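Here are the chains, one letter per residue:
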There are 2 protein chains.
Amino acid sequence: MMKNAIVAQSGGPTTAINASLAGVIKGCLESHEIDVLYGALNGVEGLMDERLVNLTDIFDHNEDDLNVLKLTPAMYLGSCRRKLKDVDQDSSEYDIIINIFRKYHIHYFFYIGGNDSMDTVGKMSRYVKEHQMDVKVIGIPKTIDNDLVVTDHTPGFGSAARYVAASVLEMAHDTYIYNTKSVLIAEIMGRDAGWLTAASVLARNSYSRAPHLIYLPEHPFSKEQFIEDIKAQFKQREHVVIAVSEGLRDGDGHYISAETAAVDAFGHATLSGTGKCLEGLVAEKFGCKVRSVEINVLQRCAAHMASATDIEESWQLGLKGVALALEGKSGEMSIVCRISDEPYQVIYDGADVQQIANAEKKIPTAWINEAGNDVTEEMVRYLRPLIHGSVAVPEQDSMPHYLFLGEAL
Amino acid sequence: MMKNAIVAQSGGPTTAINASLAGVIKGCLESHEIDVLYGALNGVEGLMDERLVNLTDIFDHNEDDLNVLKLTPAMYLGSCRRKLKDVDQDSSEYDIIINIFRKYHIHYFFYIGGNDSMDTVGKMSRYVKEHQMDVKVIGIPKTIDNDLVVTDHTPGFGSAARYVAASVLEMAHDTYIYNTKSVLIAEIMGRDAGWLTAASVLARNSYSRAPHLIYLPEHPFSKEQFIEDIKAQFKQREHVVIAVSEGLRDGDGHYISAETAAVDAFGHATLSGTGKCLEGLVAEKFGCKVRSVEINVLQRCAAHMASATDIEESWQLGLKGVALALEGKSGEMSIVCRISDEPYQVIYDGADVQQIANAEKKIPTAWINEAGNDVTEEMVRYLRPLIHGSVAVPEQDSMPHYLFLGEAL
């Protein structure tokens, strides 16, 4: 009897999520127990709509494309932001999916995503079990936010961290050139968890201490203290580079960015970012040159700055997901466990998604300095190995050239 | 008698301006006619303040640092934004400078910069000539804007173009993943000349036609036409990626960005960018997912994406500047002349700065399509060779590690 598998990708993009997909593909191609691996387009949405591609056909004996896939940013199979309904309230989505599973002889379902996707993995694994179906449902993590619990860190985070830190260093060079006081504010993604903002600390080297101040959503933000911090910096240096999380909140939990809601000429309320808001504050209090830069989506898709460690681990977590399924596990997510910082060593394992779905890993208080404007050495030790190594991005006409599915867009 | 030289850098940063500085250093070190090369910090400001460093001491027999300097973004010597006064009105600045020239036995002055710096080169060269001083004053071009006349293109432009195009391609990957209509607007530098925005066209490849629309400051911008253009795109595709210059103006010459001036909670008028303004317009007219990304300063300092062609040419233009001075030329700028597109061939020459200072090279009308929403094949042929080749950026701890002058900042 045929035993087939389906893989899908979900949530926001990272530069490493296709490396995990490549790992799943490789694991399935090498397994004698899996006949065909299908890819569902746009996550569970495409799964329910029966929009499937035959990945075995595409990648069997096609090592070249598999290697390009590993380095391709965002989702090769497309994504969605759909969370399955609670089965007690409405089981119709689950029934559609198990009918697809039956139709295509699916015995393994791999879902690559963040918290919400792990929620889907948990729900689906329980549903198929309750219906006595022989389908193993496995989650494979991804998120630039690094906010999944149990796993030491998440695929995609290391590459985003490397891009953010390199960008902050290069912007520091840009900032240092004038002989006049200046403030540069880099706004970094991470609404609730400050891991990626913290990673800007890796920009520091022997000649540049930028970012000189780091503000994280885990610590209540005070505008008064912010001004005092900059004043103190100006006593030591002319140029102050500041990394801020998009999700900074004051002591009452209100987003700092919400303060500058304004109405534009079209009558829209425009919510300017945290960086823009603080730029206005610095201009008012110091009257000096100030610029805010929202690093924006490039931090999650700039595959040309991917971390080789991140790409390799993401690939391994894909392979591990297949291994877990073949061992008969279901409702688990593949995780990375750190054995040591120096030399950096990890092993791969599986963990119950119930522990992971809908939970969120924030930065430990001990890794933030007392003043709440920097991170500690423990944080640096944790982060450093994750950005290790660069990748050689495939190029055509001196431009990155990645793998793409379907008609040209 | 000692014959010394001074070099300085001015204007806004690029990733290639230090390659030209390295070329000047190399040219001076190899010349038997120049004893010591000084670097003035922060352009003519540091020159007047006598803030000088001995570059001969730093770089003689130090090929390693010279190679790192070639790949270091922004100004190793710092910069300024000072334009010398008209000598007829006030010659005091010129007198300060020629006193420094006399004190340090300066016979050669090299100034690396854009239009304003070439204005300084012209004024200084006339002043020293009128005072019968044996000082050759030579300009070396730089600007990401590519808006200098006479030279085929400017150092720094090719690297910025490569970063912009690669970023637009990677953001296109990020945009394509959801199965729902979306618009992404990339705002690119170039207030009056659209060269860098035009360079986003190089993001197009066999699988992605992004940017699907390109709007340049050389063509009057109409919001009505913009909406019609997007409607037409939505008939062909779900995701529309748009490149816009920060300097778009309507038929009356008013900046599009000026329309969204709003007042924030601190009471500041905030001038949101062109991208943000158009984002609001798209949200209003289409109600679809829309995001604007201001690529910001990274396009001028992301040395990790530098064009090898740009770095090599910038270095050659530095060498050529020294050669021109040694030939006895003064009041000239080193230029690059294109011999052919395919194979790409250039020669280096000198041209009178009078032709260049305060002039501006805009995109020829023939290189913009009739609808004013794209560029032509001629533009692509012009741009393609300028981004050719990548560089191996020096790294430490997997971060770029550049050359830096002075105490750690």
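Owing to the predicted nature of the structure, the values given are computational and were not obtained by experimental measurement. (Residues numbered from 1 in each chain as written. Chains lettered and ligands numbered in written order. Predicted model: local features only at pLDDT ≥ 70, side-chain atom pairs only at ≥ 80, totals over all residues. Heavy atoms only, no water.)

1. Points about the domain arrangement of chain A
Residues and elements named next belong to chain A.
Inference 1: If you check the domain split of chain A, you get domain 1 (4-143 + 152-156 + 303-358 + 391-400) and domain 2 (158-301).
Inference 2: Its C-alpha centre places domain 1 at a distance of 34 Å from the equivalent point of domain 2.
Inference 3: Tallying the contact residues gives 13 residues for domain 1 and eight residues for domain 2.
Inference 4: For the pair domain 1 and domain 2, the summed buried area comes to about 880 Å², and 54% of that belongs to carbon and sulfur atoms.
Inference 5: Summed over the shared surface of domain 1 and domain 2, the result is zero salt bridges.
Inference 6: Here domain 1 and domain 2 share eight residue pairs in polar contact (both at pLDDT 80 or more) between them.
Inference 7: Class assignment for the residues of the side of domain 1 that touches domain 2 results in six nonpolar, six polar and one charged. (Domains from an automatic or database assignment. Contact = heavy atoms within 4.5 Å. Buried area = accessible area lost by both parts, 1.4 Å probe. Salt bridge = Lys/Arg side-chain N within 4 Å of Asp/Glu carboxyl O. Polar contact = N/O pair within 3.5 Å; in protein donor to acceptor, adjacent residues only side chain to side chain. Nonpolar A, V, L, I, M, F, W, Y, C, P; charged D, E, K, R; others polar.)

2. Topic: the relation of the copies chain B and chain A
Inference 1: Overlay of chain B on chain A (RMSD 0.0 Å): rotation 180°, translation along the axis 0.0 Å. Here the transformation between the copies is reduced to the relation of a two-fold axis.
Inference 2: In this assembly the copies share their binding face: 100% of the residues contributing to the interface of chain B also contribute to that of chain A. (Least-squares fit on C-alpha atoms with pLDDT ≥ 70 in both.)

3. A short note on the UniProt feature "active site" (unreviewed entry) in chain A
Inference 1: Sequence positions flagged by UniProt for "active site" (unreviewed entry) are, in local numbering, D145(A).
Inference 2: Assignment of secondary structure puts D145(A) in the loop between β5 (136-141) and α7 (157-176). (UniProt positions renumbered as here; feature names shortened; annotations may be inferred. Helix = DSSP H or I, 4+ residues; strand = E, 2+ residues; numbered from the N terminus.)

4. Quick look at the sheet that holds strand β1 (residues 4-9) of chain B
Residues and elements named next belong to chain B.
Inference 1: One open sheet holds the seven strands; their spatial order is β3-β2-β1-β4-β5-β12-β13, and the pairing between them is mixed. Looking along the sheet, the strands with just one partner apiece sit at the ends: β3 (52-54) and β13 (345-352). Taken pair by pair, the neighbouring strands of this sheet meet at an average axis angle of 30°, ignoring direction.
Inference 2: Inspection of the sheet shows β1 paired to strand β2 (residues 37-40) by three bridges, in the parallel sense. If you follow I6 over to β2, its bridge partner there is Y38.
Inference 3: Packing of helix α1 (residues 17-30) onto the sheet brings it into contact with β1, β2, β4 (106-113) and β5 (136-141), and relative to β1 it is tilted by some 175°. (Pairing = 2+ DSSP bridges. Axes fitted to C-alpha atoms, helices over the stretch in contact; angles between N-to-C directions.)

5. Some words on the nonpolar core
Inference 1: Grouped together as the largest cluster of nonpolar side chains are 183 residues, with contacts concentrated most on L55(A), F110(A), L55(B) and F110(B).
Inference 2: Not counting the four nearest positions on each side in its chain, F110(A) is found in contact with A5(A), I6(A), V7(A), A8(A), V24(A), C28(A), I138(A), I140(A), G321(A), V322(A) and A325(A).
Inference 3: Counting residues in hydrophobic clusters, the runner-up holds 36 residues, among them V36(A), I97(A), M118(A) and V353(A). (Core = buried A, V, L, I, M, F, W, Y, C linked by side-chain atoms within 4.5 Å. Buried < 20%, exposed > 50% of the residue type's maximum accessible area, 1.4 Å probe, protein only.)

6. With respect to the side chain of N42(A)
Inference 1: With respect to the helices and strands, the residue N42(A) is situated in the loop between β2 (37-40) and α2 (43-48).
Inference 2: A distance of 2.8 Å separates a polar atom in the side chain of N42(A) from a polar atom in the side chain of R51(A).
Inference 3: At 2.9 Å, the side chain of N42(A) and the backbone oxygen of I177(B) are in polar contact.
Inference 4: If we ignore the near neighbours within four places in the chain, the residues touching N42(A) are Q9(A), R51(A), L77(A), G78(A), S79(A), C80(A), I177(B), Y178(B) and N179(B).

7. Focus on the UniProt feature "site: Important for catalytic activity and substrate specificity" (unreviewed entry) in chain A
Residue and element names in this part refer to chain A.
Inference 1: Within the UniProt annotation, "site: Important for catalytic activity and substrate specificity" (unreviewed entry) is assigned to D116.
Inference 2: Its location among the elements puts D116 in helix α6 (residues 115-130).
Inference 3: Residue contacts for D116: discarding those within four places in its chain leaves K83 and N358.

8. With respect to the interface of chain B and chain A
Reports of interface size often rely on the accessible area that becomes lost once the parts have come together.
Inference 1: Listed as interface residues are 79 residues of chain B and, on the opposing side, 79 residues of chain A.
Inference 2: Here chain B meets chain A over a buried area of about 6,600 Å², counting both sides, of which 59% is carbon and sulfur.
Inference 3: Linking chain B with chain A are four salt bridges, by the criterion used here.
Inference 4: The salt bridge involving R300(A) is made with D174(B); its shortest N-O contact spans 2.7 Å.

9. Regarding the pairing of strand β12 (residues 332-340) of chain B
All names here are of chain B.
Inference 1: Here β12 lies mainly inside the structure; seven of its nine residues are buried.
Inference 2: Here two bridges tie β5 to β12, and the two strands are oriented parallel to one another. Bridge pairing in β12 links G139 to M333.
Inference 3: The sheet contact formed by β12 and β13 spans eight bridges and is antiparallel. Residue pairing for β13: R338 is matched across the bridge by V346.

10. A look at the sheet that holds strand β11 (residues 289-294) of chain A
Residue and element names in this part refer to chain A.
Inference 1: Taking strand neighbours across the sheet as the criterion, the four strands line up as β7-β8-β6-β11 in an open arrangement whose pairing is parallel. Each edge of the sheet is formed by a strand with only one pairing partner; in this case those strands are β7 (213-215) and β11. Here the average twist between neighbouring strands, direction ignored, is 15°.
Inference 2: Across seven bridges, the pairing between strand β6 (residues 182-188) and strand β8 (residues 239-245) is parallel. Bridge pairing in β8 links I188 to S245.
Inference 3: Relative to the sheet, α7 contacts β6, β8 and β11, its axis offset from that of β6 by approximately 165°.

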